[in-house]
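Residue-level structure breakdown
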Amino acid sequence: MTLAESSLDYVNSLENWIAGLPAMPLAGIVANPQNSAVLCVDIINGFCTVGPLSSPRVQGIVPPIAKLMQSAYALGVRHFILPQDTHDPAAVEFASYPAHCVRGNVESQTAPELSALSFADEFVIIEKNSISSSENTALDTWLDQHPQVNTFIVVGDCSDLCTYQLAMHLRLRANSRQLAGVRVVVPADCVQTYDTPVEAASRLGIPPHPGDLLHAIFLHHMASNGIEVAGSLV
Ligand SMILES: [Zn+2]
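Residues numbered from 1 in each chain as written. Predicted model: local features only at pLDDT ≥ 70, side-chain atom pairs only at ≥ 80, totals over all residues. Heavy atoms only, no water.

All right, on to the packing of helix H1 (residues 3-19) against helix H10 (residues 211-224) then. Between H1 and H10, the shortest axis-to-axis distance is 10 Å and the interhelical angle comes to 75°. Taken together, the axis directions place H1 and H10 in an arrangement best described as roughly perpendicular. Taking contact as the criterion, the partners of Tyr-10, Val-11, Leu-14, Trp-17 and Ile-18 in H1 are, on H10, Leu-213, Ala-216, Ile-217, Leu-219, His-220 and Ala-223. Classifying every residue of the contact of H1 with H10 by side-chain character gives 10 nonpolar, one polar and no charged. (Axes fitted to C-alpha atoms, helices over the stretch in contact; angles between N-to-C directions. Helix = DSSP H or I, 4+ residues; strand = E, 2+ residues; numbered from the N terminus. Parallel < 35°, antiparallel > 145°, perpendicular 65-115°, else oblique. Contact = heavy atoms within 4.5 Å. Nonpolar A, V, L, I, M, F, W, Y, C, P; charged D, E, K, R; others polar.)

What follows is the structure, encoded as structure tokens:
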């Protein structure tokens, strides 16, 4: 039996799982807004509109993310944490990906739809130099300084890379510290990844990256590890 054949039932179940993800009421999740934070990873020009890693799929989640942030702000949430690629010009990561989102470049700037929000000056930008928001960044210091924050809404890109790493870091940090009240919530409509089909990848000499499959698998993997995956937050 081939891998495709032995995986068919799982892939079909994933599709049904994604389609059945519930819309959850945002007001219930951020019932204590001072204890809640929205973490938005890599919604910057270099993944949305400009440069070799920009993707229309990622650009497509910018409007729902902006709307979610506005709704959260209206409910009293004041913690908006934005981990963002701000790469060293000679980043070691560029051995795996084409050069992108270098410090000072337009690619590393927050998407205009977010920086236009009336409360954008309250954003906490966390610079990062890898797909991890927590390795060698200011994130853990912020978390240590805000121990009352126990509800984390995680959005951004890419589902299988930075978003996954960030959501899992928050979940595992809480698990390892026995923080029973911590919730990590990921709305699927505010998360996405890029798509490089096998045919295009072989033509371009780059790794294939099936966007729909990896998006689904990694969301499901998050859910399997205690992260609350919703269809949307309304
Ligand atoms: Zn990067």
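Now for unusual backbone geometry. With an omega of -5°, the peptide bond running from Asp-157 to Cys-158 counts as cis. On the secondary structure map, Cys-158 appears in the loop between strand E5 (151-157) and helix H8 (162-176). A positive phi is found at Cys-101, a non-glycine position, where the angle reads about 50°. Owing to a relative accessible area of 1%, Cys-101 belongs among the buried residues under this scheme. Phi is positive for Asn-136, which is not a glycine, with a value near 60°. Mapped onto the elements of the fold, Asn-136 is located in the loop between strand E4 (124-128) and helix H7 (139-145). (Buried < 20%, exposed > 50% of the residue type's maximum accessible area, 1.4 Å probe, protein only.)

Geometric descriptors of this kind do not, in isolation, establish any biological role.
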